[in-house]
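Each chain, letter by letter, is given below.
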Amino acid sequence: MAAILAKKLGMTQLFQEDGSVARVTVLEAGPCPVTAVKTSDKDGYDALQLAFGAIKEKNLSKAELGHLAKADAGALRHLVEFRGEGGANLGDTLTVDQFAVGDQLKIAGVSKGKGFQGTVKRHGFSRGPVSHGSHNVRAPGSIGASAWPARVMKGIRGPGQMGNKRITQRGLKVVRIDADKNLLLVQGSVPGPKNGLVEVRTDA
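Nothing here was measured: the structure is a model prediction, and the numbers come from that model.

Visitor: Is there a simple way to explain the pairing of strand S10 (residues 166-178) in this structure?
Guide: Side chains on a regular strand alternate between the two faces of the sheet. Sheet topology places strand S7 (residues 104-110) next to S10; seven bridges connect them, and they run antiparallel. Counterpart to glycine 109 in the pairing with S10 is isoleucine 167. Connecting the antiparallel pair S10 and strand S11 (residues 183-187) is a turn made up of four residues, with asparagine 182 showing a positive phi of about 60°.

Here it is as structure tokens:
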């Protein structure tokens, strides 16, 4: 199973040889040095810790710089563990070369935050009547009865914070790889805003 950290650059389209158009997301993936190797014998689980995103040394603590120095890595902003991964050693660098065109991927990222939203936008509720005298055009309506259950049942969909949560998109296919520029072109949309950090794994 291959894994790497990437930055979402945006979306574009590619014209295929058969004339069809592929809507793709462009990811700047790696290079990602392996900064730690977790094993089940020592740590209780198997994982690889990857680093990504160049940053000035002054923005990191001495402890963080010391941890990165063990892998001969420079100052990097993000550290993420990929559980169940193996086959790499401390100090190795993972690039887009570990993927191939046609690979199925699952990509995780933090979705765009849309703030506090009502039920129409957040859950797709239908609006109320807009005739004369109506006061519940976008109100959710009744959420409980007075006789029974005399309370609001758990799990009722209501207004609240929308977005800004971890999303994993599965079934994405690699369309093109540019190893010289560390680019990974994936068919379909990827969660998160432009320049957002995403975790890329092969979807076994």
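Now that the structure has been shown, the text picks up again.
Visitor: Mind showing me how you'd approach the pattern of salt bridges here?
Guide: Pairs may arise between side chains of opposite charge once their charged atoms sit close together. Evaluated as defined, the whole model comprises five salt bridges. Ionic pairing is found between arginine 166 and glutamate 199, a salt bridge with its closest N-O pair at 3.1 Å. Highlighted residues: arginine 166 in strand S10 and glutamate 199 in strand S12 (residues 197-202), separated in sequence by 33 residues. Judged by its relative accessible area of 52%, arginine 166 is exposed. Residue glutamate 199 is classed as buried on the basis of its relative accessible area, which comes to 13%. A single network of salt bridges, built from pairs that share partners, joins Arg166, Glu199 and Arg201.

Visitor: Would you explain the confidence of the model for the protein chain in this entry?
Guide: Should the pLDDT be low somewhere, the predicted coordinates at that spot are not to be read in detail. Looking at the protein chain, pLDDT values average 91 and 100% of them are 70 or higher. The secondary-structure element of the protein chain with the lowest mean pLDDT is strand S6 (residues 93-94), recorded at 90, while strand S8 (residues 115-117) shows the highest, at 97.

Visitor: Would you mind showing me how to read the sheet that holds strand S1 (residues 3-15) here?
Guide: Hydrogen bonds between backbone groups are what pair the strands of a sheet, and the pairing can be parallel or antiparallel. Strand order in this closed barrel of six strands is S1-S2-S11-S10-S7-S12, and the pairing throughout is antiparallel. Shown here is a sheet whose adjacent strand axes are inclined to one another by a mean of 50°, direction ignored. Pairing of S7 with S12 involves five bridges; the strand directions are antiparallel. Paired with glycine 109 across the strands is valine 198, a residue of S12.

Visitor: How do you make sense of a nonpolar patch on the surface when you look at a structure like this?
Guide: On the surface, a nonpolar cluster with roughly 520 Å² of combined accessible area is contributed by Ile143, Trp148, Val152, Met153 and Ile156. The topology assignment puts isoleucine 143 in the loop between helix H2 (119-123) and strand S9 (160-162).

Cut-offs and rules
Residues numbered from 1 in each chain as written. Predicted model: local features only at pLDDT ≥ 70, side-chain atom pairs only at ≥ 80, totals over all residues. Heavy atoms only, no water. Pairing = 2+ DSSP bridges. Helix = DSSP H or I, 4+ residues; strand = E, 2+ residues; numbered from the N terminus. Salt bridge = Lys/Arg side-chain N within 4 Å of Asp/Glu carboxyl O. Buried < 20%, exposed > 50% of the residue type's maximum accessible area, 1.4 Å probe, protein only. pLDDT = per-residue confidence, 0-100. Axes fitted to C-alpha atoms, helices over the stretch in contact; angles between N-to-C directions. Patch = residues over 30% accessible without salt bridge, like charges linked within 9 Å, V, L, I, M, F, W, Y side chains within 5 Å. Areas by Shrake-Rupley, 256 points an atom, 1.4 Å probe, with all protein chains shown as cover.

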